[in-house]
Amino acid sequence: MKKKLLHELSIDELGNLFPIYLVEHQDNWNSLYLSEKKILRKIIGKNNIIRISHIGSTAVPGIISKPTIDILLEITGETDLDNLINNMKDEGYNYTAQPENPEPHMMFTKGYTIDGFKGQAFHVHVRYEGDWDEIYFCEYLKVNHNLAKEYESLKIELSRLYKNNRELYTSGKSEFIKKAVMTARKELK
């Protein structure tokens, strides 16, 4: 019987293949981000990039996280999207159209295979230049240790409840993140 391709798996199959698991903060996460940032600059082209940001819990020292490096890649409106997709695929990234996300509706993942995780997992969220909540949230957690620990507790609880359901795990964090971003936007300017 032929093995399915990753994009052919159902939500349940993906949840079983890639369960939610959290680990202590790793000192090398920032250096892994910086290495991947260099690769992204090379394959996307500096002239197409507005900003590359390390977002998500791996960017916040001292809190547990899924060991996935989240990167926000902001590109210019003139970027050749077909070329970007092809270059990312050539670098080993899986492309997923994200019609529910802001334009250009793209996300790339690396480290996910039909046999489970292989190597370091990365998520690259591609957007046009903007004032993105993810950056505010991450920076606010870095300067507010108590809030970061509250977020950590929430993630632990959600990972227990939704070990094999990434969608419910993610949506369970939404209200917390939304409130923190509102406060961060007022305080961080």
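Residues numbered from 1 in each chain as written. Predicted model: local features only at pLDDT ≥ 70, side-chain atom pairs only at ≥ 80, totals over all residues. Heavy atoms only, no water.

**Focus: the packing of helix H4 (residues 133-143) against helix H6 (residues 166-188)**
We apply this condition: To get an axis, a line is fitted to the C-alpha atoms, and for a helix only the part in contact is used. The angle between two axes follows their N-to-C directions and goes from 0 to 180 degrees. Put simply, DSSP H or I for four residues or longer makes a helix, DSSP E for two residues or longer makes a strand, and each gets a number counted from the N terminus. When an angle is under 35 degrees it counts as roughly parallel; over 145 it counts as roughly antiparallel; between 65 and 115 it counts as roughly perpendicular; any other value is oblique. Only heavy atoms enter the contact rule, under which two residues are in contact if any of them lie within 4.5 Å. Classification used: nonpolar for Ala, Val, Leu, Ile, Met, Phe, Trp, Tyr, Cys and Pro, charged for Asp, Glu, Lys and Arg, polar for all others including Gly.
Contact geometry for H4 and H6: axes closest at 8 Å, N-to-C directions at 80°. By the angle class used here, H4 and H6 are roughly perpendicular. Here H4 contributes Asp133, Tyr136, Phe137, Glu139, Tyr140 and Val143 to the contact with H6, which in turn contributes Phe176, Ile177, Ala180, Val181, Thr183, Ala184, Arg185, Glu187 and Leu188. Looking at side-chain class alone, the contact of H4 with H6 contains 10 nonpolar, one polar and four charged residues.

**So, the environment of lysine 189**
In plain terms, the rule: When accessible area is computed with a 1.4 Å probe and restricted to protein chains, residues below 20% of their type maximum are described as buried, those above 50% as exposed, and intermediate ones as partly exposed.
Checked against the element boundaries, lysine 189 lands in the segment after H6. For lysine 189, a relative accessible area of 76% gives the class exposed. Residues lysine 189 and tyrosine 136, spaced 53 residues apart in sequence, show a C-alpha to C-alpha distance of 9.2 Å. In contact with lysine 189, not counting residues within four places along its chain, are Tyr136 and Ala184.

**Points about unusual backbone geometry**
A cis geometry characterises the amide bond from glutamate 103 onward to proline 104, with omega recorded as 10°. Along the polypeptide, proline 104 turns up in the loop between strand E3 (94-97) and strand E4 (106-113).

**Focus on the pattern of salt bridges**
Definition in use: Any carboxyl oxygen of Asp or Glu within 4 Å of a side-chain nitrogen of Lys or Arg constitutes a salt bridge here.
Inspection of the entire model under this criterion finds 10 salt bridges. With its nearest N and O atoms 2.6 Å apart, the salt bridge here joins arginine 185 to aspartate 131. With arginine 185 in helix H6 and aspartate 131 in the loop between strand E5 (116-128) and H4, the pair connects residues that are 54 residues apart, well separated along the chain. Judged by relative accessible area, which is 46%, aspartate 131 ranks as partly exposed. Here glutamate 152 and lysine 149 are joined by a salt bridge, their closest N and O atoms 3.2 Å apart. You can see glutamate 152 and its partner lysine 149 sitting in helix H5 (residues 145-161), three residues apart, about one turn around the helix. Three or more residues joined by partner-sharing salt bridges are found here, namely Glu36, Glu91 and Lys110.

**As for the sheet that holds E4**
Put simply, the rule is: Here the rule is simple: two strands pair whenever DSSP picks up at least two bridges between them.
With respect to topology, five strands assemble into an open sheet ordered E1-E2-E5-E4-E3, the strand pairing being mixed. Only two strands of the sheet have a single partner each, and these edge strands are strand E1 (49-55) and E3. Averaged over all pairs of adjacent strands, the angle between strand axes in this sheet comes to 20°, irrespective of strand direction. Bridge count between E4 and E5: seven bridges; the pairing is antiparallel. The partner of threonine 113 across the bridge, within E5, is glycine 116.

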